[in-house]
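Descriptive analysis of the structure
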Amino acid sequence: MLATRRVFAAALAAAALMSAAGGARPAEAQGKDVVILAAASLKNALDDASAAWTKETGKSTKISYAASSALAKQVEAGIPADIFISADVPWMTYVAERKLIKAPSRSDFLGNQIVLIAGKDSKIDLKIDKGFGLRAALGNDGRLAMGNVDSVPAGKYGKAALESLGVWSSVADRVAQAENVRMALTLVSRGEAPLGIVYKTDAASDPNVRIVGAFPDGTHPPIIYPMALLAGSTNPDARAFVDYLKSPAAGPFFEKQGFTVLK
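A brief look at the structure comes next. For every chain, the first residue of the written sequence is number 1, and numbering continues from 1 onward in sequence order. Selection of residues for local features in this predicted model requires a pLDDT of at least 70, selection of side-chain atom pairs for listing and counting requires 80 or more, and totals for whole chains, interfaces and linings are taken over all residues. Note: side-chain values were computed over all heavy atoms of the structure, leaving out hydrogens and water.

Note on terminology: a nonpolar core comprises buried Ala, Val, Leu, Ile, Met, Phe, Trp, Tyr and Cys residues joined through side-chain atoms within 4.5 Å. For every residue, the accessible area obtained with a 1.4 Å probe (protein chains only) is divided by the maximum for its type, and the residue is called buried under 20%, exposed over 50%, and partly exposed between those limits. Core analysis: the largest hydrophobic core is formed by 66 residues, its most contacted members being Leu-116, Leu-144, Leu-162 and Phe-254. Contacts are assigned to residue pairs with any non-hydrogen atoms lying within 4.5 Å of each other. Setting aside its immediate chain neighbours within four residues, Phe-254 contacts Leu-42, Ala-45, Leu-46, Ala-49, Phe-109, Leu-110, Leu-245, Phe-259 and Val-261.

This part covers the sheet that holds strand 3 (residues 83-85). Here a strand pair is declared whenever DSSP counts at least two bridges between the two strands. Where helices and strands are cited, they refer to DSSP runs of H or I of at least four residues and of E of at least two residues respectively, numbered from the N terminus. Taken together, the six strands give an open sheet; going across it, the order is 2-1-3-10-4-11, and neighbouring strands pair in mixed fashion. Looking at which strands have only one partner, the edges of the open sheet turn out to be strand 2 (60-66) and strand 11 (260-261). In the sheet, strand 1 (residues 33-39) pairs with strand 3 via three bridges, with the strands oriented parallel. Bridging from a neighbouring strand, Ala-38 pairs with Ile-85 of strand 3. Axes here refer to lines fitted to C-alpha atoms; in helices the fit is confined to the stretch in contact. Angles between the N-to-C directions go from 0 to 180 degrees. Those strands touched by helix 3 (residues 68-77) are strand 1, strand 2 and strand 3, and its axis lies near 135° from that of strand 1. Those strands touched by helix 10 (residues 236-245) are strand 1, strand 2, strand 3, strand 4 (107-111) and strand 10 (224-229), and its axis lies near 155° from that of strand 10.

The next point concerns empty space enclosed by the protein. Cavity: a set of points on a 1 Å grid over the protein atoms alone where a 1.4 Å probe fits but cannot get out. Pocket: an open set with protein on both sides within 12 Å along at least five of seven lines, its lining residues, like those of a cavity, having an atom within 4 Å of a point. Grid points are joined across faces, edges and corners, and a volume is the space filled by probe spheres set on the points. One pass over the full model with this rule turns up one cavity of 30 Å³ or more. The space that makes up the largest cavity amounts to roughly 50 Å³. In terms of lining, the largest cavity is formed by 13 residues, of which the most central are Ala-67, Ala-87, Val-152, Pro-153 and Val-181. The nonpolar class holds Ala, Val, Leu, Ile, Met, Phe, Trp, Tyr, Cys and Pro. Asp, Glu, Lys and Arg form the charged class, and all remaining residues, Gly among them, are polar. Considered class by class, the residues forming the lining of the largest cavity number 10 nonpolar, three polar and no charged.

The next point concerns the pattern of salt bridges. Throughout this description, the term salt bridge denotes a Lys or Arg side-chain nitrogen within 4 Å of a carboxyl oxygen of Asp or Glu. Considering all chains together, one arrives at nine salt bridges under this definition. Among the salt bridges present, the one from Arg-135 reaches Asp-173, with a minimum N-O distance of 2.8 Å. Pair noted here: Arg-135 is in helix 5 (residues 134-137) and Asp-173 is in the loop between helix 7 (168-171) and strand 7 (175-178), with a separation of 38 residues, a long-range link. Asp-202 serves as the salt-bridge partner of Arg-182, at 2.5 Å between the closest nitrogen and oxygen.

See the structure below:
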């Protein structure tokens, strides 16, 4: 019975993502549409790059954004798509181990940073260091907004950083875990949480938040966004779009948002 429920849940989730992708059909039936499954934190930069590619080539894309964990599960469930861009290496490895990507196409595409954010008018002032006063800064009932710390890459990076700095245990019971990093950003942007941990690129996309401080690189695993063509893709335009994203023409769209383009 439990297995049946899991299969049913996966089917429902796949259907929901297909709807978000505009009712995506198998790649070979889509003609010029390149279907991309991309980490939520990529939205602004990837939308801009996609629009530029469309203007240049006349070809179009359909992009579904979600947590990398959710997207990897959709790939496993068989959702038709051409490209997967994850916000961390483990979820790309997850689909690779299941033979769901074209292995030679896999590459480390982008780098990023995680930062502590507050509302734009917040007076919170913290220096991120060993044992810093994060719990006190949350106040009596404030929450720390983060992506899910077990599955969402930004949440996993954030938890690792807080553990490294010796403050995780003091705030673990005050964390508001979101299903993706953009939802964590929204909690702070709307004033529903006084502080949050998101990518530097997310903070740059929202004028209603400000960066309190950046977490040192050595406090968490390197933040790498791998990209690959999916095994089921037969759309020749998918390879062309991947090549474009890795070209000097697309780099500025990502650098503007704060990503590091990996060579």
